[in-house]
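# Structural overview
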Amino acid sequence: MCPHCRAFITTDDRVCPYCNEAVAPRRARRESAGPILGGLIPHAGYFTILILLINTGLYLATSLYSLNGGRGNFVDLDGQTLFAFGAKFGPAIAAGQWWRLVTAGFLHGGLLHILMNSWVLFDLGAQVEEVYGGARMLVIYFAANFLGFYVSYMWRPEAVSVGASAALFGLVGAMLAVGTRYKSTLGSAVRSVYIRYLIYLLLFSLLPGIDMAAHVGGLAGGFGVAYLAGVPHYEGAGRERFWRVSAGIAVLLTIICFLKWYLWFHAASQ
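Just so we're clear, the structure is a prediction, and the values are computed from it rather than from any experiment. (Residues numbered from 1 in each chain as written. Predicted model: local features only at pLDDT ≥ 70, side-chain atom pairs only at ≥ 80, totals over all residues. Heavy atoms only, no water.)

### Examining the overall build of the chain
On a plain count of helices and strands, the chain comes out with 10 helices and 0 strands. For the chain, the α and β elements follow one another from N to C terminus as α-α-α-α-α-α-α-α-α-α. Taken across its 270 residues, the chain has 47% of its residues classed as buried. For the chain, contacts bridging at least 24 residues in sequence account for 69% of all contacts bridging at least 6. In the form shown here, the chain has an accessible surface area of approximately 13200 Å², with 69% of it arising from carbon and sulfur atoms. (Helix = DSSP H or I, 4+ residues; strand = E, 2+ residues; numbered from the N terminus. Buried < 20%, exposed > 50% of the residue type's maximum accessible area, 1.4 Å probe, protein only. Contact = heavy atoms within 4.5 Å. Areas by Shrake-Rupley, 256 points an atom, 1.4 Å probe, with all protein chains shown as cover.)

In structure tokens:
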């Protein structure tokens, strides 16, 4: 996006074709989506793939734990296993296990659950990462995940809840923020597409067993952070350093939450 007239341009442009202003030096570095597996998979963002791998690894771990305990199976995990691995559960959070508001977003309750969320994340995450850059994408994802499960905790504290969908709604909110903040024909088109996307997802959220509260909270968190963040500016600017530091803090908090889960899990297993 041209920093002068805010028109959408390509990353190869050095002079804006709309206002004729120079747009060099180079824009802030982004982890651009690119082909993987020799082009078999057309696009993928680095952090999007990393989150997918984490989700998949945790699903395999919870499945093995459930199978060994004889409580569930690979296709449909039991609530006891999900609780043991950090699902959102109000009484536990009220007792001090606040880290569940983060860990719950990386767990899934069944094979269909993780397949659907992975499909949406692979497509939507790459788009958000391309538009906002990796640092902002991580902050948006973390904020939407945390706020989504916090709203779920406040709304239905007694329910066990897991899934990446709170963060995914945040990514939808981030794309809506592009169309809302930047007034242009392309911005209006982006807004129109993702409003329809949002309607479909909200209708899906009305199905039994779906955590609507987490979805609404994630949407609000993603939209709010993305609207404030805006798209990347020149590399080296103070604003870009702020979002890189914020992304590092988000990653560090996520690691701390999983470390606290591990210590709790180890103690509970003794």
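### Examining the environment of Gly 221
Mapped onto the fold, Gly 221 is located in helix H9 (residues 212-229). Residue class for Gly 221 comes out buried when judged on its relative accessible area of 8%. Linking Gly 221 and Phe 142, residues 79 residues apart in sequence, is a C-alpha distance of 9.1 Å.

### Here's the deal with the nonpolar core
As a rule of thumb, nonpolar side chains are buried together in soluble globular proteins. Within the largest apolar cluster, 39 residues are counted, with the highest numbers of intra-cluster contacts made by Leu 121, Leu 124, Val 128, Tyr 132, Ile 140, Tyr 141 and Leu 171. Examining the composition of this core, we find that 10 residues originate from one element, helix H7 (residues 165-181), more than from any other. Residues contacting Leu 121, with those up to four places away along its chain left out, are Thr 48, Ile 51, Leu 52, Asn 55, Ala 126, Tyr 141, Leu 168 and Leu 171. (Core = buried A, V, L, I, M, F, W, Y, C linked by side-chain atoms within 4.5 Å.)

### Some details on the layout of surface pockets
Approximately 830 Å³ is the volume found for the largest pocket. Lining of the largest pocket is provided by 33 residues; of these, His 113, Asn 117, Ser 165, Phe 204 and Ile 210 occupy positions nearest its centre. If you list the elements that add at least two residues to the lining of the largest pocket, you get helix H5 (111-132), helix H6 (134-155), H7, helix H8 (185-205) and H9. When residues of the lining of the largest pocket are assigned to their parent elements, the largest contribution, 6 residues, is made by H5. Its residues placed into classes, the lining of the largest pocket shows 19 nonpolar, 10 polar and 4 charged. Each pocket or cavity is described by its volume, and for the second largest pocket that value is around 290 Å³. If you go around the second largest pocket, you meet 15 residues; those closest to its centre are Ile 54, Phe 106, Leu 138, Val 251 and Thr 254. Tallying contributions element by element places helix H10 (residues 238-269) first for the lining of the second largest pocket, with 5 residues. (1 Å grid on protein atoms, 1.4 Å probe; cavity = no way out; pocket = protein on both sides within 12 Å on 5 of 7 lines; lining within 4 Å. Points joined across faces, edges and corners; volume = space filled by probe spheres on them. Nonpolar A, V, L, I, M, F, W, Y, C, P; charged D, E, K, R; others polar.)

### Describing the packing of aromatic side chains
Applying the stated rule across the entire model yields 14 aromatic pairs. Relative to Trp 264, the ring of Phe 83 lies with its centre 5.7 Å away and its plane at 85°, an arrangement referred to as edge-to-face. In this pair, Phe 83 is assigned in helix H2 (residues 79-84) and Trp 264 in helix H10, connecting sequence segments 181 residues apart. Given a relative accessible area of 22%, Trp 264 falls into the partly exposed group. Seen from their ring centres, Phe 242 and Trp 243 are 5.0 Å apart, and the 80° between their planes marks the pair as edge-to-face. Residue class for Phe 242 comes out partly exposed when judged on its relative accessible area of 48%. Taken together, the ring pairs connect Tyr 65, Phe 85, Trp 261 and Phe 265 into an aromatic cluster. (Phe/Tyr/Trp six-rings, centres within 6.5 Å; stacked < 30°, edge-to-face > 60°.)

Bear in mind that shape data such as this cannot, by itself, settle questions of function.
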